[in-house]
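# Examining the three-dimensional arrangement
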Amino acid sequence: MKALCIVRKRFSIRQDMLKQKVLSIFNSLTVRNSEESRTQGREHRLGSINESDEPPTLEEIRSWNDSFDKLMKSQAGRRVFREFLRSEYSEENMLFYLACEDLKKESNPELIEEKARLIYEDYISILSPKEVSLDARVREIVNRNMVDPTPNTFDEAQLQIYTLMHRDSYPRFLSSQIYKRLLQQTQS
């Protein structure tokens, strides 16, 4: 019985140490994102990451390797993936995706129109420094949809960017130092 108590105590200490390591890693990403959101207020309004500070579990981190959908459904996964995209100078893809998700939650017609206009100016307009890469067909669909914006105005464009991130950025993310370091530090 005494041996079992010792084993439980050691296991509990090990779990606490692991949780502290993950929290430390995660907080370093959180601090960087919160500093940037103060300087990029417009992106924040359009749905940039505003998640809680709860660190991901080891199981959650491992699940990101299983599918891109699991990564994107996880708040922590999106935060880490956004950090990776920032390092590749393609963070605008995630920001656009999140802004579209935010727009889909809106029901007030005036706010829908305002948010759609901001998304267009920030991510679709050829004059934007954060323009996402869309083919001509999708760009034309978006332009037609902007005549009378709805929460689904950018669905085609969002799907194209989601597919781009899935096929292009996601495989590189899985082999990136950001992901590998997070896995190693949570396993040790």
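Note that the structure is a prediction, hence the values are computed from the model and not measured.

What counts and how
Residues numbered from 1 in each chain as written. Predicted model: local features only at pLDDT ≥ 70, side-chain atom pairs only at ≥ 80, totals over all residues. Heavy atoms only, no water. Helix = DSSP H or I, 4+ residues; strand = E, 2+ residues; numbered from the N terminus. Buried < 20%, exposed > 50% of the residue type's maximum accessible area, 1.4 Å probe, protein only. Salt bridge = Lys/Arg side-chain N within 4 Å of Asp/Glu carboxyl O. pLDDT = per-residue confidence, 0-100. Contact = heavy atoms within 4.5 Å. Axes fitted to C-alpha atoms, helices over the stretch in contact; angles between N-to-C directions. Parallel < 35°, antiparallel > 145°, perpendicular 65-115°, else oblique. Nonpolar A, V, L, I, M, F, W, Y, C, P; charged D, E, K, R; others polar. Phe/Tyr/Trp six-rings, centres within 6.5 Å; stacked < 30°, edge-to-face > 60°.

## Some details on the environment of Glu59
Checked against the element boundaries, Glu59 lands in helix α3 (residues 58-63). Residue Glu59 is classed as exposed on the basis of its relative accessible area, which comes to 56%. Considered as a pair, Glu59 and Leu183 are 124 residues apart in the sequence and their alpha carbons are 10.0 Å apart.

## Description of the pattern of salt bridges
Under the counting rule described, the total for this entry stands at 14 salt bridges. Lys115 is paired through a salt bridge with Asp102; the nearest N and O atoms lie 3.1 Å apart. Highlighted residues: Lys115 in helix α7 (residues 109-124) and Asp102 in helix α6 (residues 91-104), separated in sequence by 13 residues. Judged by relative accessible area, which is 16%, Lys115 ranks as buried. Residues Glu121 and Arg117 are paired through a salt bridge, measuring 2.6 Å at the closest nitrogen-oxygen approach. Separated by four residues within a single helix, Glu121 and Arg117 lie in helix α7, roughly one turn from each other. Classification of Glu121 by relative accessible area gives partly exposed; the value is 34%. Note on Arg117: relative accessible area 34%, which makes it partly exposed.

## Topic: the confidence of the model for the chain
Detailed reading of the predicted coordinates is not advisable wherever pLDDT is low. Here the chain shows a mean pLDDT of 82. Residues at 70 or above account for 71%. In the model, residues 30-51 has pLDDT below 50 throughout and makes 43 contacts with residues more than four positions away in sequence or in other chains.

## Some remarks on the environment of Tyr170
Inspection of the secondary structure assignment puts Tyr170 in helix α9 (residues 155-174). Between the C-alpha atoms of Tyr170 and Leu85, which are 85 residues apart in sequence, the distance is 9.4 Å. With residues up to four places along the chain from it excluded, the contact list for Tyr170 reads Trp64, Asn65, Asp66, Ser67, Phe68, Leu71, Phe81 and Met165.

## Some thoughts on the packing of helix α5 (residues 75-87) against α9
Running from N to C, α5 and α9 point in directions that differ by 90°, and their axes come no closer than 10 Å. By the angle between their directions, the pair α5 and α9 is classed as roughly perpendicular. Residues Val80, Phe81, Phe84 and Leu85 of α5 touch α9, and the partners they reach there are Met165, Ser169, Tyr170, Arg172 and Phe173. Grouping the constituent residues of the contact of α5 with α9 by class yields seven nonpolar, one polar and one charged.

## Quick word on the packing of aromatic side chains
Counting across every chain of the model gives 11 aromatic pairs. Seen in terms of ring centroids, Tyr97 and Tyr162 are 5.6 Å apart; in terms of plane orientation they differ by 35°. Their pairing is tilted. Of this pair, Tyr97 sits in helix α6 while Tyr162 sits in helix α9, and the two are 65 residues apart along the sequence. Residue classification places Tyr97 among the buried residues on the basis of a relative accessible area of 13%. Ring plane angle 45° and centroid distance 5.1 Å describe the contact between Phe173 and Tyr179, whose orientation is recorded as tilted. Owing to a relative accessible area of 0%, Phe173 belongs among the buried residues under this scheme. Under the relative-accessibility criterion, Tyr179 is labelled buried at 2%. Site record: aromatic cluster; members linked through ring pairs are Trp64, Phe68, Phe81, Phe84, Tyr97, Tyr162, Tyr170, Phe173 and Tyr179.

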